[in-house]
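Letter by letter, the chains look like this.
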Amino acid sequence: MTARIVVDAMGGDNAPGEIVAGALMAAGGLGVELILVGRKAAIEAELEGAQAKNLKIIDAADVIEMDEHPTEAVKNKPESSINVGMRMVKSGQADAFVTAGNTGASMAAAMLTLGRIKGIGRPALATIFPTGEGRLTMLLDVGANADCRPIHLLQFAYMGAAYMERMFKVQNPKVGLLSIGEEDSKGNQLTVEVNQALRASRLNFMGNVEGKDLTRGVCDVAVMDGFTGNVVLKTAEGMAELLLGEIRKAVELTPWNRAAGLILMSELRKVKRRLDYAEYGGAQLVGVEGIVVIGHGRSNARAVFSAIRAARDAVDNKVVDTLRGIAKEIPAKTTKVGSGDATDDGDD
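What counts, and at which threshold
Residues numbered from 1 in each chain as written. Predicted model: local features only at pLDDT ≥ 70, side-chain atom pairs only at ≥ 80, totals over all residues. Heavy atoms only, no water. Axes fitted to C-alpha atoms, helices over the stretch in contact; angles between N-to-C directions. Helix = DSSP H or I, 4+ residues; strand = E, 2+ residues; numbered from the N terminus. Parallel < 35°, antiparallel > 145°, perpendicular 65-115°, else oblique. Left-handed = near helix turned anticlockwise from the far one by under 90°. Contact = heavy atoms within 4.5 Å. 1 Å grid on protein atoms, 1.4 Å probe; cavity = no way out; pocket = protein on both sides within 12 Å on 5 of 7 lines; lining within 4 Å. Points joined across faces, edges and corners; volume = space filled by probe spheres on them. Nonpolar A, V, L, I, M, F, W, Y, C, P; charged D, E, K, R; others polar. Salt bridge = Lys/Arg side-chain N within 4 Å of Asp/Glu carboxyl O. Buried < 20%, exposed > 50% of the residue type's maximum accessible area, 1.4 Å probe, protein only. Pairing = 2+ DSSP bridges.

Caption draft 1: Structural context of the packing of helix α6 (residues 150-168) against helix α13 (residues 319-327). In contact at an axis separation of 10 Å, α6 and α13 are set at 140° when each is read in the N-to-C sense. Classified by the angle between their axes, α6 and α13 sit oblique to one another. Helix-helix and strand crossings are classified by hand; for α6 and α13 the assignment is right-handed. Contact residues: α6 offers Y158, M159, A162, Y163, R166 and M167, while α13 offers V319, T322, L323 and I326.

Caption draft 2: Broad picture of empty space enclosed by the protein. Applying the stated criterion to the full structure yields 1 cavity of 30 Å³ or more. Estimates place the volume of the largest cavity at around 50 Å³. Along its surface, the largest cavity is lined by 11 residues, and V98, T99, A100, V304 and A307 are the ones closest to its centre. At the level of secondary structure, the elements contributing two or more residues to the lining of the largest cavity comprise β4 (96-99) and α12 (301-316). Broken down by element, the lining of the largest cavity gets its largest block of residues, 3 residues, from α12. Among the residues forming the lining of the largest cavity, the class breakdown is 7 nonpolar, 4 polar and no charged.

Caption draft 3: Layout of the pattern of salt bridges. All told, the structure shown has 12 salt bridges when counted by the stated rule. Among the salt bridges present, the one from K212 reaches E210, with a minimum N-O distance of 3.9 Å. A relative accessible area of 48% means that K212 is categorised as partly exposed. Judged by relative accessible area, which is 22%, E210 ranks as partly exposed. The salt bridge partner of D321 is R324, with a shortest N-O separation of 2.5 Å. Taken together, the residues D321 and R324, both in helix α13 and 3 residues apart, mark about one turn of the helix. Using a relative accessible area of 32% as the deciding quantity, one classes R324 as partly exposed. Residues joined in a network through salt bridges with shared partners are E210, K212, D213 and R216.

Caption draft 4: Looking closely at the pairing of strand β11 (residues 291-294). Here β11 shows no split at all, with I291 and V293 on one side and V292 and I294 on the other all buried. The sheet contact formed by β4 and β11 spans 4 bridges and is parallel. Across the sheet, T99 pairs through a bridge with I294, a residue of β11. In terms of strand pairing, strand β10 (residues 283-286) meets β11 through 2 bridges, oriented antiparallel. Counted as the bridge partner of Q284 is V293 from β11.

Structure representation (structure tokens):
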């Protein structure tokens, strides 16, 4: 079955131009059916007569801007491109939704329209993080939940492990908990409680990992609260951009350097691809009843293409079905440190 993916043409700093350009790239090379949702006249102006049999436009009069209050905007603009796109997934007209628009509004619309998978307390934003030796690590949560309870991180771990196993065929994924030290006793109260819960789980929990370990590929899934995860992700992206920029400056510094750069060009391109956020496209909101991929607000055409590819792969691998299945096995409660009492701190 061909994946049907609805793309928010009005979302992001570079919309609709880069969004439409990325969609055209995907329409020509990914074997998907694409639906661009947004202001029809603006989308058609960007298409400039370009034709694609597997691409159509759905008009949406409103746009949720990047600086608007997420929940209020979702409620006050029912005909926004985000709301219209989410409803298409809910109704079965599309299999996935991709946006580079307001992250908070996208999450709010997903929660209100699609709802959570039964048994999941909170959804998480999960992203793929490039690490050493060609490995990939899934980070979650990277921004959906600034404040978390132990049960939320435990559920993130189960979802992340199931995702890596299903999408990337990683057998018995290694799960790490981001903390300030490797010892089980290190970290704040939240981390210590989550560590104990993971020790008692059926997951392949390797223990705490530190920030320096994330780039070494020591685990397949790294679990953290959304506040920490967002800081980690944006810091890593900033460092990658700094590194690539410094390499570019060094190569252009002298004729000898430029000659060396030409010799190393193929390897430098591989490094750039591995470190460039545009190669990974965005983060998937796991734990909701549908596939939602949220890209960077500054996404360019390549990033939009990659986000559509990620959504297609999630559809083809039936990720939501997998998460529904795993949700039935995930504990709904955790035990507090130093107590035998279970605490129900799941659904809000």
